[in-house]
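# Chains, contacts and geometry: an overview
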Amino acid sequence: MALPPLPKNAPFSAEDLAFLNQLVQRSTPLQRSWLSGFLAGLDAAQGGAGAVAAVQAVPAQRPRVPLTILYGSESGNAEALAYKAKKTAAKLNCDAKVVDMGDIDVASLAKSKNLAVYVSTWGEGDPPQRAVDFYKELMSDAAPRLDGVKYAVLSLGDTAYVNFCETGKRIDARLAELGATRIHDRIDLDPDFARAASAWTDAMLEKFSPAVEAPSATVVHVDFKSAAIDDEPAEPLYTAEDPAEAEISALVNLNGSGSSRETYHVELAVEADGFTYEPGAAIGVLPENDPALAADLARAVGLDGDASLVAKIARGYDITTLSRATVDAYAKLTGRKDLAKLTDAEALAKFSADRQLVDLLSEYPEKLTAEQLLGLLRPLPGRLYSVASSIKAHPGEAHLLIGAVRWSSHGRKRGGVASTYLADRRKVGDRVRVYVKPNRHYALPADGNRPIIMIGAGTGVAPYRGFIEDRVETGAKGKSWLFFGERNYTNDFLYQLEWQDHLASGALSRIDVAFSRDQPEKIYVQHRLWQQRRDILAWLDDGAHLYVCGDEKGMAKDVDNTLVKILAEPLKGDEDAGRAKLKELTKAGRYQRDVY
Amino acid sequence: MTERAKNEVVKENSRLLRGGIADGLTHVETGAIDEDDTMLLKFHGSYMQDDRDVRAERTKKKLEKAFSFMIRLRLPGGHVTPEQWLKLDDIAGTYANGTLRLTTRATFQYHGVIKSNLKRTMQAINAACIDTIAACGDVNRNVMSASHPFLSKVHKEAEKLAIAFSNHLLPRTGAYHEIWLDDQKVIDTSAATEESEPIYGPLYLPRKFKTVVAVPPDNDVDVFAHCLGYIAIVEKGEVVGYNVTVGGGMGMTHGETDTFPRTADMLGFCTPEQAIDVGEKVVTVQRDWGNRAVRKNARLKYTIERVGIDAFRAEVEKRCGYQLGAPRPFSFTSTGDPIGWRQSLDGKAADKKWHLTLYVENGRVKDTATVKMRTALREIALAGGVDFVVTSNQNLVIANVTAKQKPKIEALLAKHGVVIGTSSGLRRNAMACVALPTCALALAESERFLPGLITDLEDILDSAGLREEDIVIRMTGCPNGCARPYLAEIGFVGRSPGLYNLYLGAAFNGTRLSKLYAQDVNREQILKLLEPVIKRYATERTEGEHFGDFVVRAGIVAATTAGNNFHESVVLAKA
C-alpha cells in the first residue's frame, strides 16, 4: 500500500520534496523509524544550532498513544472540533483517527482504548441525523461492555432549547454505565463554544497523552497521516470569531405582492482576501438585535436611560432566548420567590413556549445594574443560511435566501433576529459580518457526470441555485432534476425566471413543483416524488445523488418516508428493505440532507 | 397564395383546435402557454391574461408575469338552476378569484384561474352540466336571448332559439373533450362522432361571431350591436317569425377610420322553422366572404360594408333556396333592464310568478365588507325553488319566485346588505367591461373606474334634478367595445391610463350609434364637459326626450346614421 506523500507545506523545495517522497515510498517501517530517530538525535547533538521552530514543535517527550475521536455532527461544528482535536493530538504524539458516528458500529468501540467524543444535540434533544443509528445501538441492551475504555465527551447544544446538550449528556452517562472510564469531565457548550472547546480539547488530550518526566526514547514518532489527509475538511478563513465584512449589494423580497410569504434574496459582496465557499456550504451571518427590543429589555430592568448599554446589548448579546439557564440565573440574582414556580420543567416549557427574555423581565420586573443584566445574557450567536450561489458564477459574492420570521404573541410583535436584521434593519450598501461554514456532507458529486435530484421546499431551494450555477461554471454534464415546493405558484415560485433559463439552456434537465395552497387538497414535494417514482428509480440506477434541503418537521421527514416507499416498491413494497436501501445511499454519500 | 392573418395559419395548423395546448399544460415551470396556443385556447372558452397591476415588480423578483386564465361559460339564454349556481359559486371560491363575473353577453366569467387549475376548473364547470366551448374564438359565441325565459311564452321561445342555434353551431372537433375532459363526456357537445367541421370548415370563421334573440319592445340584448340578430315578431302571444338583422358590431381600432362600430342591417323576415337555417347560411357566407387577410376588418360588419346588404342577402337566399320575407314592423323602447320585481307577462293571474332583476354593479358578484352579494345569492340558491338568469346588461334575474318566497328573498338580500334598487337612473343603466388589471387589451381602467365617476356625475344630476332619469352610460378600457359603449348615450372608451374618449348621442333604444365628443379627457375634464350638457338637457328637453336624442337635436353632436359615418362630422369639444 502506498504511503501518503509528505505534506506540500513541508519546509522543503518542490524538488527536494519529490526526492524525499521517492525515498520514503520505498523505505521500510524500520528504515523510517531509524531515520526519524537519527535526525532528531542529530539536532539534539548539535545543541540546537540550526534547529528551527518546526523541529522544536516535535514532541519528543511523549509516548505514542492511540486515540479515537468520535463525532456526531449536524451542522459540522462537532466535526470541525473533532478534526481540530486531531491536529492538536498529533502534536502530542497521539495516533488519532477521526470517525463519524454515521460510519461506525458500537461493537467496534470496545476496541478503542481511548475515546474522545464530540457530539451535538439537535432539535428537542435528538442526536444528529447521521448519528441516530449509532445512538440507538449504544443505548440498547445489545451495546457491548466497554471496560477498559477511557473516554471524554464534549457536548454541543443551545441553551435556547429545553433539553440542552441532551445527546452528549446521555452518551457520557451511557459510556460510564457500560464500564468505560471517564478520564476528563464532560463540557456542555452553547453556540459560542470556540474558545471553551479549544481549552477543553487541550486539557482532555493532556489526560490521554500526559507528558512524561524524562525523555524515554530517541526515536521520534511522526504521524504522517496527521497532515494533508484528503477527507479532512479545510478550515475556513473566516469564522464566527473572526468574520469577514460584506456589503449588501442586493436585497429583494422574491415573493410577489399578496403572498403569504416573505423571502429575501440577499447578495453579499465580500472583498475579504481568500473568502470562498463551496456550493452546499452555509454562510453565517452575525446579526444585531432590533434596537427597539434592546431598549424594551433595558427599560424592563430600569436601565433605559443607558444608551450605550442598549447599543451594546443590541449588537452583541442574545436578548431573545428564554432558557432554563437564564430563568435560573434571574431567580438567583433577584431572589424572587415567585420565580420558583417556573423551575418545574413543564411550567417553564409552558411559560417560555411563545415568550422571550423581555417577557420574563417585564412580568417579573426588578431593577438591575448593567453588569447584572449583561451577566444574564449570552453572546448573540450567528445564524447560518445555506448559500444560494456559486462563487464561480459570482466571484467575491455570496447570495442568501432568507425567510423573514415574524409572529405575534402575548401582545408583542416579534421577529427572527437574523432574518429581520437583514429584511428590516439593513439596506443595500450596508455592511454585515459573515463567515463560512463548510458542509462536506452536503456537496455536489465530485463526478460532474453524475445525475442529481434536488428536493427542496421554500428557502430549501437555496443550495440548488448554487449547485446549478456551479455545474454551469464547471461545465458538468450530469443531468439535474429539481423538486420545489411552496404555497402559491403565482407569488412564491422562488427564482422562477432563473429556473426557466436553466431549463432552456439545459443546465437544469427537469423540474417538478408542488404548491400546497393552490388547490383544495394540499400538494407537497413528496407527492410529486411519488408521482415520479419510476423516473426517480431510473435516475438512481444511473447513479444519481439525492439532496434534500429545508424544514425537517414540515418536509424532510415526509420526503424521507416517501423515498423509502419509492425504494421499497420494486422490493415488493418491503419498507424495511427500502429503508436499508436508503441507508446504503446515505453511506455512499448519495443521499445528503441539509435540514433545519 | 394571398397573404393571410397570423391567426388563420395557427388555426390551419391546429388539428381542429388542439395545437400544443395539452403539452403546454404540462410545463410546470411557467404559468403561461405558448402564444399560438393562446389563440386556440379562446375557442375553448379561455383567455390567458396576467395581473397588470404587478407587472412592474415581477422581473425584479425573478418571477414571470402573474399569468392566469379567464374562463367564460357558454350559456345560451343565460339560465342556471340553483344547483348549478352553487357549483359555479364553489368554483369561484376554489379556483378563481372569489368572484363571479356576469358579462355583457349574459354569461359567467371566472378570473384568476392559474394554469395548474385550468383543467380541473373546466372539469368542475362541466360537472355542473355547463361547458365553455366556443364561448370565445372565431366561432359563433354565446347566444343571448331577451330578458329571461320565464317572463312569457314568447321569451321561452326566444331562449329555445338561442340554445338551439348555439348547439347547432358548436364546433364538432373532439379537441375540447380530449384536452379538458379526458374524453369523458358529461354533456354531449359534439354531436358528430366523425371529426370534421361541416359548417365552419377547418379554419373556422375569419373572426368572432355574435348572435342574439330580441323580444320587442325590450332591446336589452342590443340587437343592432351583433353580427346576427333575431327580432321576434309576435302575434296574439305567439312568435310568428323573426326579423333577421346582420352586420352589427362594436369593435374598432383607435386612429384607424376604416374600422368602426356599426349597427346591423335588416336582412329580412323568416319563419321560426327557417330561423336556424337562415342563421347557418349567414355564418357560411361570412365564412367564405369574410376577410381572412386583415383581422381588424374580418368581422361580418365589414363584409357587408364591402359587398352591400343586397348582395349579401342574395347570397344567403341562394344558399337557403328560398326568399326571405319583408321585415315586419316592430319597435324598441330601451336597452336597459327593469330593476326590481315584476310578474310574468302571461299565464293565469293566480299562477303568475315573480321575477326580481337585481342590479349587479359591473356584473361582479362578490362579497365586500358591507355588501355580501355572493353570500346572499348562495343562500338563495341553497334555499332553492327559484331560477337564475344572467341578463345582457350584467344583471341577474332571480326568477320564478312565489308570492310566499318573495319576502324571504328580500330578507336574505337585506341581511347581507344587498339593495335591490340603485342610487340613480344613470347607475341603473351603467355598464363597464373588466379592463385592468386582467384584460390584456385594456388601455385604461373601466370596471374599477366607472362606479366612482357615476358618483361624481350623480352630484351634477342632483343639481339638475335628474337623479331618477334613465340615461345609458357605458365604459370600456379599449376600443373593442365589450360593454357596447358606442350605443350608450354617454360612452367612454379608454385611450391610455386615466384618459378616455367621450362619445355622446346614441339612441336610448339602441338603434343609433354615438359620436365622438371629446378626446383624451380625464375625470376632471369629463365632469367639466358633461355638467353644462346635462344642465341644458334638464332645461331644454322636450317631453319624454332621452338624453341621447337631445344632444343630437341640440346640435351638441351630429347624428351617426350608420357605422360608415361614425368618424364623420366630428367636432371635438374643448376640455
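As a starting point, this report considers the structure included with it. These figures come from a predicted structure and were not determined experimentally. (Residues numbered from 1 in each chain as written. Chains lettered and ligands numbered in written order. Predicted model: local features only at pLDDT ≥ 70, side-chain atom pairs only at ≥ 80, totals over all residues.)

## Here's the deal with the overall build of chain B
For clarity, the threshold we go by: Only DSSP runs of H or I reaching four residues or more are called helices, and only runs of E reaching two or more are called strands; each is numbered from the N terminus. Partly exposed residues are those falling between the two cut-offs: more than 12 but fewer than 20 other C-beta atoms within 10 Å of their own, whereas 20 or more means buried and 12 or fewer means exposed, with C-beta atoms placed from the backbone. Once C-beta atoms are placed from the backbone, any two residues with those atoms within 7 Å are in contact.
Each helix and strand counted, chain B has 17 helices and 20 strands in total. Oriented by its inertia axes, the alpha-carbon framework of chain B measures out at about 65 × 65 × 55 Å. Of all 575 residues assigned to chain B, the portion counted as buried reaches 54%. Considering only residue pairs separated by 6 or more positions, chain B has 67% of its internal contacts joining residues 24 or more positions apart.

## With respect to the nonpolar core
Our working rule: The term nonpolar core means buried Ala, Val, Leu, Ile, Met, Phe, Trp, Tyr and Cys residues held together as one set by C-beta atoms within 7 Å.
Counting 248 residues, the largest nonpolar core has Ala232 and Ile398 of chain B as the members making the most contacts within it. Here the element with the most residues in this core is helix H20 (residues 552-568) of chain A; it accounts for 6 residues. In contact with Ala232 of chain B, not counting residues within four places along its chain, are Val154, Glu157, Ala158, Val213, Ala214, Val215, Val239 and Tyr242 of chain B. Core analysis: the second largest hydrophobic core is formed by 45 residues, Ala80, Ala131, Val153 and Trp200 of chain A among them.

## Re the sheet that holds strand S20 (residues 515-521) of chain B
Residues and elements named next belong to chain B. What counts, and what does not: Only strands joined by at least two bridges in the DSSP assignment are considered to pair. Every axis in this analysis is a line fitted to C-alpha atoms, fitted for helices over the stretch in contact. Angles between the N-to-C directions lie between 0 and 180 degrees.
Read across the sheet, 5 strands follow the order S16-S17-S18-S19-S20 without closing on themselves; strand pairing throughout is mixed. Each of the sheet's edge strands pairs with one partner strand only, and the pair in question is strand S16 (430-432) and S20. Going across the sheet, the axis of each strand differs from the next one's by a mean of 15°, ignoring polarity. Pairing of S16 with strand S17 (residues 473-476) involves 3 bridges; the strand directions are parallel. Its bridge partner lying in S17, Ala430 is registered against Ile473. On the sheet, helix H16 (residues 523-540) packs against strand S19 (499-504) and S20 and is oriented at approximately 145° with respect to S20.

## Observations regarding the packing of helix H8 (residues 291-300) of chain A against helix H9 (residues 307-316) of chain A
Residue and element names in this part refer to chain A. For clarity, the cut-off: For classification purposes, an angle smaller than 35 degrees is called roughly parallel, one larger than 145 roughly antiparallel, one from 65 to 115 roughly perpendicular, and anything else oblique. Working rule for handedness: look at the near helix, and if it is turned counterclockwise from the far one by less than a right angle, call the crossing left-handed; if clockwise, right-handed. In the scheme used here, Gly and all other residues not listed as nonpolar or charged are polar, with Ala, Val, Leu, Ile, Met, Phe, Trp, Tyr, Cys and Pro taken as nonpolar and Asp, Glu, Lys and Arg as charged.
Where H8 contacts H9, the two axes come as close as 9 Å, and the packing angle between them is 125°. Taken together, the axes of H8 and H9 are oblique relative to one another. Seen along the crossing, H8 lies across H9 with a hand that is right-handed. In this structure, H8 uses Pro291, Ala294, Ala295, Leu297 and Ala298 to contact H9, whose residues at the interface are Leu309, Val310, Ile313 and Ala314. For the contact of H8 with H9, the per-class residue count stands at 9 nonpolar, no polar and no charged.

## Considering the pairing of strand S19 (residues 545-550) of chain A
All names here are of chain A. Of all the 6 residues making up S19, 6 are buried; the element is thus mostly covered by neighbouring parts of the structure. Side-chain alternation along S19 places His545, Tyr547 and Cys549 on one buried face and Leu546, Val548 and Gly550 on a second face that is also buried. Across 5 bridges, the pairing between strand S16 (residues 452-457) and S19 is parallel. Paired with Ile453 across the two strands is Leu546, which belongs to S19. Across 5 bridges, the pairing between S19 and strand S20 (residues 591-595) is parallel. Counted as the bridge partner of Tyr547 is Gln592 from S20.

## Description of the sheet that holds strand S7 (residues 211-214) of chain B
Residue and element names in this part refer to chain B. Judged by pairing direction, the sheet is mixed, and its 5 strands sit side by side in the order S6-S7-S8-S9-S10 without closing on themselves. In the strand order of this sheet, the two ends are held by strand S6 (144-145) and strand S10 (265-270), each with one partner. Summarising the sheet, strand S9 (residues 238-246) and S10 pair through 5 bridges and their orientation is antiparallel. Across the sheet, the residue bridging to Val246 is Asp265, located in S10.

## Details of the interface of chain A and chain B
Contacts between the two partners involve 20 residues from chain A, matched on the other side by 17 residues from chain B. Secondary structure elements with two or more residues in the side of chain A that touches chain B: helix H16 (489-492), helix H17 (496-505) and strand S18 (510-515) of chain A. When residues of the side of chain A that touches chain B are assigned to their parent elements, the largest contribution, 6 residues, is made by H17 of chain A. In terms of residue class, the side of chain A that touches chain B is built from 11 nonpolar, 6 polar and 3 charged.

## Thoughts on H17 of chain A
Residues and elements named next belong to chain A. To keep it simple, the criterion reads: It is the directions from the helix axis to the C-beta atoms that the arc portrays.
All buried positions along H17 are accounted for by Gln496, Trp499 and His502. In an axial view of H17, the angular spread of the buried residues amounts to 125°, which keeps them on one side of the axis. Among the exposed residues of H17, those oriented more than 90 degrees off its buried face are Ala504 and Ser505. Those residues of H17 that are buried are in contact with helix H15 (462-474), strand S17 (480-486) and S18. Immediately downstream of H17, the backbone of Gly506 shows phi near 90°, a positive value.

## Observations regarding the packing of helix H5 (residues 82-94) of chain B against helix H12 (residues 373-383) of chain B
Residue and element names in this part refer to chain B. Their axes nearest at 8 Å, the elements H5 and H12 cross at an angle of 145°. By crossing handedness, the relation of H5 to H12 is classed as left-handed. Within the contact between the two elements, H5 uses Pro82, Trp85, Leu86 and Asp89 and H12 uses Arg374, Leu377, Arg378, Ala381 and Leu382. For the contact of H5 with H12, the class distribution of residues is 6 nonpolar, no polar and 3 charged.

## A few points about unusual backbone geometry
All names here are of chain B. Residue Pro216 is joined to Pro217 through a cis peptide bond whose omega torsion reads 10°. For Pro217, the position within the fold is in the loop between S7 and strand S8 (228-235). Cis peptide bonds are those with omega within 30 degrees of zero, and the linkage from Leu436 to Pro437 qualifies with 10°. As for its placement among the helices and strands, Pro437 is situated in the loop between S16 and helix H15 (450-464). With phi around 50°, Leu16 is a residue other than glycine that occupies positive phi space.

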